[in-house]
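# An overview of the molecular structure
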Amino acid sequence: MSLRVHKYGGTSVADIQRIANVAGRVQKAHDGGDQVVVVLSAMAGVTDRLIALANQASKTPDKRELDVLLATGEQTTAALLAMMLKARGYKAKSFLGFQAGIHTDHMSGKARILDIDSKRLKKALDEGNIVVVAGFQGADNDGDITTLGRGGSDTSAVAIAAALKADVCEIYTDVDGVYTTDPRICADARKIDRISYEEMLEMAILGAKVLQIRSVEFAKKYNVPVHVRSSFNEEEGTMVINETADMESAVVSGVTCDMNEARITLKKVPDQPGISAKIFGALAKAEIMVDMIIQNTRSGGQTDLTFTVTKDDFERALEISEMVAEEVAAEEIKTATDIAKVSVIGLGMKSHSGVAAVMFEALASENINIRLISTSEIRISCVILAKYAELAVRTLHAAFGLEKPRE
Ligand code: ADP
Ligand code: ASP
Ligand code: MG
């Protein structure tokens, strides 16, 4: 008997027929003799609708109450699935995050799971139940409800799989697995059979939303095998696992695109020690994550300082930058929100040179201007104008030969 965690995303539980499809899959696993924990997202579109309602109730919705509201999306689907399974004669029980023992920090809207007290889940499993858990939520030290950030049900599922030492965490979604790039942007995208935690983590960080970043961090830390697959067919999907020797052969294994960045440039900043510390210290204090940082030295003891943040943090980052700019006598601030970051990722880059040249040539061949560049051991990212993002993804995908093998 194995213990399996199934997670179904919003499209997979979008209406009662789809929840019935989920019930069928869960029953099949249970009938086959496995213990099953099912983690559910809210119905597709529900989280967005709840956010819109909150914005109508208040210009700046209180963060604690927003979490109470958003957690109801997952409460609905968990109760409906458990109800349906019981009506079909199965033993089942639904749990909200706090009932499942999911203990988080206090960061409303982007809480981190600190630990899971899995006593109740284990007991319910031992009693023969199919256990259904509302994804995307937990509770902090005060017992207040918290949510885990967009896409957070992936992290609920992997964290529960780690806590219960499950044999596998199956992420059921609306595509057949992890592809070489978003299959909705590039029709030639190819499904990857096996991908290392490290590469998957880079892909998630760089915009492939198929798995939430933190879910991959958890999987890597606790060695949870993750199987990303479709909830609409029986095909094998993608195994996210530890690196193996044969995985190293691909120089570039994926292309991603992130539309959620914005750029801020402080122009003509005095070129002195301590200026960057002041700017980025102020941003860090406001818990704003900065992605790329680029400094161009000008003549006359001045420099231009450019950085990117997520669009959600843009307004606050700009306010802080304006304050600091005045303090350090920067001449002006320029911003751009119509940008996209395209990246190529591959473990093989560690030992191959020339990837950057191929990337830049491919973008140049389509007349796409590169605004910012950053690199790490296993990826290269370029910021370009947002309107060229999809063209850039398709061009890079072809330039690195990632398309489907032709028959
Ligand atoms: P769910 O609601 O099941 O959590 P998401 O919408 O969060 O699903 O994630 C699945 C989506 O991720 C796909 O529909 C696809 O458009 C997108 N995606 C982006 N990059 C990739 C990729 N490299 N491989 C597969 N899907 C990707
Ligand atoms: N419902 C949440 C969202 O839309 C969490 C999730 O689906 O994973 O982001
Ligand atoms: Mg998701």
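In what follows, the structure referred to is the one given above.
Residues numbered from 1 in each chain as written. Chains lettered and ligands numbered in written order. Predicted model: local features only at pLDDT ≥ 70, side-chain atom pairs only at ≥ 80, totals over all residues. Heavy atoms only, no water.

Strand pairing in a sheet relies on backbone hydrogen bonds. The paired strands run either parallel or antiparallel. Pairing within the open sheet is antiparallel, and its four strands lie in the order 15-16-14-17. Both outer strands of the open sheet, strand 15 (293-297) and strand 17 (332-336), are each paired with one neighbouring strand and no more. Across the sheet, the axes of successive neighbouring strands diverge by a mean angle of 15°, strand direction being ignored. Judged from the five bridges that link them, strand 15 and strand 16 (residues 302-310) form a sheet pairing that is antiparallel. Its bridge partner being in strand 16, T297 is matched across the sheet by T303. Here helix 8 (residues 275-285) sits on the sheet in contact with strand 14 (261-270), strand 15 and strand 16, set at roughly 20° to strand 16. (Pairing = 2+ DSSP bridges. Helix = DSSP H or I, 4+ residues; strand = E, 2+ residues; numbered from the N terminus. Axes fitted to C-alpha atoms, helices over the stretch in contact; angles between N-to-C directions. Contact = heavy atoms within 4.5 Å.)

What follows covers the site of ligand 1. As a matter of local geometry, ligand 1 sits amid 17 residues, with T173, D174, Y179, D182 and R184 nearest to it. Separating an oxygen atom of ligand 1 from a side-chain N or O atom of R184 is a distance of 2.8 Å. Residue K209 places a side-chain N or O atom 3.3 Å away from an oxygen atom belonging to ligand 1. A total of 570 Å² of accessible area belongs to ligand 1 in isolation, and the protein chains cover 89% of it. Residues belonging to the shell around ligand 1 are distributed by class as follows: seven nonpolar, five polar and five charged. (Near = heavy atom within 4 Å. Polar contact = N/O pair within 3.5 Å; in protein donor to acceptor, adjacent residues only side chain to side chain. Areas by Shrake-Rupley, 256 points an atom, 1.4 Å probe, with all protein chains shown as cover. Nonpolar A, V, L, I, M, F, W, Y, C, P; charged D, E, K, R; others polar.)

Here we take up the site of ligand 2. As a matter of local geometry, ligand 2 sits amid S41, T47, E74, F136, R150, G151, G152 and S153. E74 is positioned with one of its side-chain polar atoms (N or O) 2.7 Å from a nitrogen atom of ligand 2. Separating an oxygen atom of ligand 2 from a backbone N or O atom of G152 is a distance of 3.3 Å. Among the residues forming the shell around ligand 2, the class breakdown is one nonpolar, five polar and two charged.

So, on to the packing of helix 5 (residues 153-163) against helix 7 (residues 213-222). At a minimum axis separation of 8 Å, helix 5 and helix 7 run at an interaxial angle of 15°. Between helix 5 and helix 7, the crossing angle belongs to the class labelled roughly parallel. For the pair helix 5 and helix 7, the crossing hand works out as left-handed. For the pair helix 5 and helix 7, contact is made by D154, T155, V158, A159 and A162 and by R214, S215, F218, A219 and Y222, respectively. (Parallel < 35°, antiparallel > 145°, perpendicular 65-115°, else oblique. Left-handed = near helix turned anticlockwise from the far one by under 90°.)

It is possible for side chains of opposite charge to pair when their charged atoms get near one another. One pass over the full model with this rule turns up 21 salt bridges. For the salt bridge of R25 with E234, the shortest nitrogen-to-oxygen distance reads 3.7 Å. One end of the pair, R25, is in helix 1 (residues 16-31); the other, E234, is in the loop between strand 11 (226-230) and strand 12 (238-241), with 209 residues separating them in the sequence. Under the relative-accessibility criterion, E234 is labelled exposed at 53%. A salt bridge links E170 to R229; its shortest N-O distance comes to 2.9 Å. Separated by 59 residues along the polypeptide, E170 in strand 9 (residues 168-173) and R229 in strand 11 bring together distant segments of the chain. Assigned by exposure class, E170 and R229 land together as buried. Look at the salt bridges and you will find they share partners, linking R4, D34, E170 and R229 into a network. (Salt bridge = Lys/Arg side-chain N within 4 Å of Asp/Glu carboxyl O. Buried < 20%, exposed > 50% of the residue type's maximum accessible area, 1.4 Å probe, protein only.)

Right, let's talk about the environment of T11 for a bit. With respect to the helices and strands, T11 occurs in the loop between strand 1 (3-8) and helix 1. Look at T11 and you get partly exposed, because its relative accessible area is 30%. For T11 and L266, which are 255 residues apart along the polypeptide, the C-alpha to C-alpha distance reads 42 Å. Filtering out sequence-adjacent residues up to four positions away, T11 remains in contact with R18, A44, D174 and F232.

This part covers the environment of Q99. Among the structural elements, Q99 can be located in the loop between strand 3 (92-95) and strand 4 (102-104). Along the primary structure Q99 and P225 are separated by 126 residues, whereas in three dimensions their C-alpha atoms are 25 Å apart. Those residues in contact with Q99, other than ones at most four positions away along the chain, are S94 and R120.

Among the nonpolar cores identified, the biggest contains 45 residues, and V5, V37, I160, C169 and V226 are the most heavily contacted of them. At six residues, helix 5 tops the list of elements feeding residues into this core. Those residues in contact with I160, other than ones at most four positions away along the chain, are V5, V37, V39, I102, I116, L121 and V133. Within the second largest apolar cluster, 28 residues are counted, among which are V13, A23, A29 and L40. (Core = buried A, V, L, I, M, F, W, Y, C linked by side-chain atoms within 4.5 Å.)

This part takes up the sheet that holds strand 2 (residues 35-40). Read from one edge to the other, the open sheet built from eight strands follows the order 3-6-2-1-9-11-12-10, with strand pairing classed as mixed. The open sheet is flanked by strand 3 and strand 10 (194-196), the only strands paired with a single partner. Adjacent strand axes in the sheet meet at a mean angle of 20° when their direction is disregarded. As defined by bridge partners, strand 11 adjoins strand 12 across three bridges and the pair is classed as antiparallel. Opposite V226, over in strand 12, you have V240 as the bridge partner.

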